Amino acid sequence: MYYLCAPTSAHQLKIYAENIRNIFNCKSLNFPIIDVLEIMQNNENFLGFEYQVISDNDDLFSKDELAKFDFNSNVLYIRESQYNAACDGEPRSRFTLTHELSHFFLMVVTGRHPKECDEKPPVYKDPEWQANALAGYILIPPKLTSSLGVEEIERECGVSPECATYAVLKRTRENHKN
């Protein structure tokens with residue numbers, strides 16, 4: 001089973017990421033995902049968003065799920081180990097929570113509700129690609145990291161080496177297109 005949502009370009013996702021960072025007055029490169037979740041929790045400005053930290057063994061999660069956003073209830077469910085790791089600054093957990101938060105902004109705020117489909121959608125209509133890309137732009141803001149190398153991005157943005165490398169490769173490809 002696949003999911004399909006309204007098309008979104010990388011350019012549009014970059015704009016969303018800038019706006020999200022501005023909403024939370026995020027001036028530093030390191031996006032404070034845990035603080036952001038706390039600010040959003042039951043705040044009427046965020047359309048009833050809430051998050052719940054759930055035991056790692058809870059049946060709510062499938063074997064490989066680390067966190068998940070339920071757009072019907074506006075609840076982000078987070079495995080306790082993932083939450084604790086994100087609190088400790090662990091890059092993969094920070095990305096996971098930002099990815100799930102991206103689903104909130106894409107599904108609830110912009111109304112891109114996914115629909116089931118039989119075939120894999122094009123990448124720009126894939127809600128998982130959209131959430132991954134938006135999370136990447138939130139954690140590694142292109143305008144603020146345009147002159148940074150992989151290690152600097154990794155250190156300053158609190159992301160994994162893979163995430164930082166991907167951002168630099170993507171930036172290099174985009175620069176060659178222009």
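Below or above, wherever it landed, is the structure these notes cover. These figures come from a predicted structure and were not determined experimentally.

Here's the deal with the nonpolar core
Counting residues in hydrophobic clusters, the biggest one holds 43 residues, and the most contacted among them are Leu 37, Met 40, Phe 49 and Leu 101. With residues up to four places along the chain from it excluded, the contact list for Met 40 reads Phe 24, Phe 46, Phe 49, Leu 101, Phe 104 and Phe 105.

What to know about helix H3 (residues 80–87)
Buried within H3 are the following residues: Gln 82, Tyr 83, Ala 85 and Ala 86. Down the axis of H3, the buried side of the element spans an arc of 165°, and every buried residue falls inside it. Lining the buried residues of H3 we find helix H2 (33–40), strand S2 (50–54), strand S4 (75–79) and helix H4 (91–109). Gly 89 sits one or two residues past H3 and shows a positive phi near 85°.

What about the packing of H4 against helix H5 (residues 127–139)?
Between H4 and H5, the least distance of the axes is 8 Å, while the angle of their chain directions is 115°. The element H4 and its partner H5 pack so that their crossing is right-handed. Seen from H4, the contacting residues are Arg 94, Phe 95, Thr 98, His 99, Ser 102, His 103 and Leu 106; seen from H5, they are Pro 127, Glu 128, Gln 130, Ala 131, Asn 132, Leu 134, Ala 135, Gly 136, Ile 138 and Leu 139. Looking at the contact of H4 with H5, its residues break down into eight nonpolar, seven polar and two charged.

Rules used in this analysis
Residues numbered from 1 in each chain as written. Predicted model: local features only at pLDDT ≥ 70, side-chain atom pairs only at ≥ 80, totals over all residues. Heavy atoms only, no water. Core = buried A, V, L, I, M, F, W, Y, C linked by side-chain atoms within 4.5 Å. Buried < 20%, exposed > 50% of the residue type's maximum accessible area, 1.4 Å probe, protein only. Contact = heavy atoms within 4.5 Å. Helix = DSSP H or I, 4+ residues; strand = E, 2+ residues; numbered from the N terminus. Arc of directions from axis to C-beta. Axes fitted to C-alpha atoms, helices over the stretch in contact; angles between N-to-C directions. Left-handed = near helix turned anticlockwise from the far one by under 90°. Nonpolar A, V, L, I, M, F, W, Y, C, P; charged D, E, K, R; others polar.

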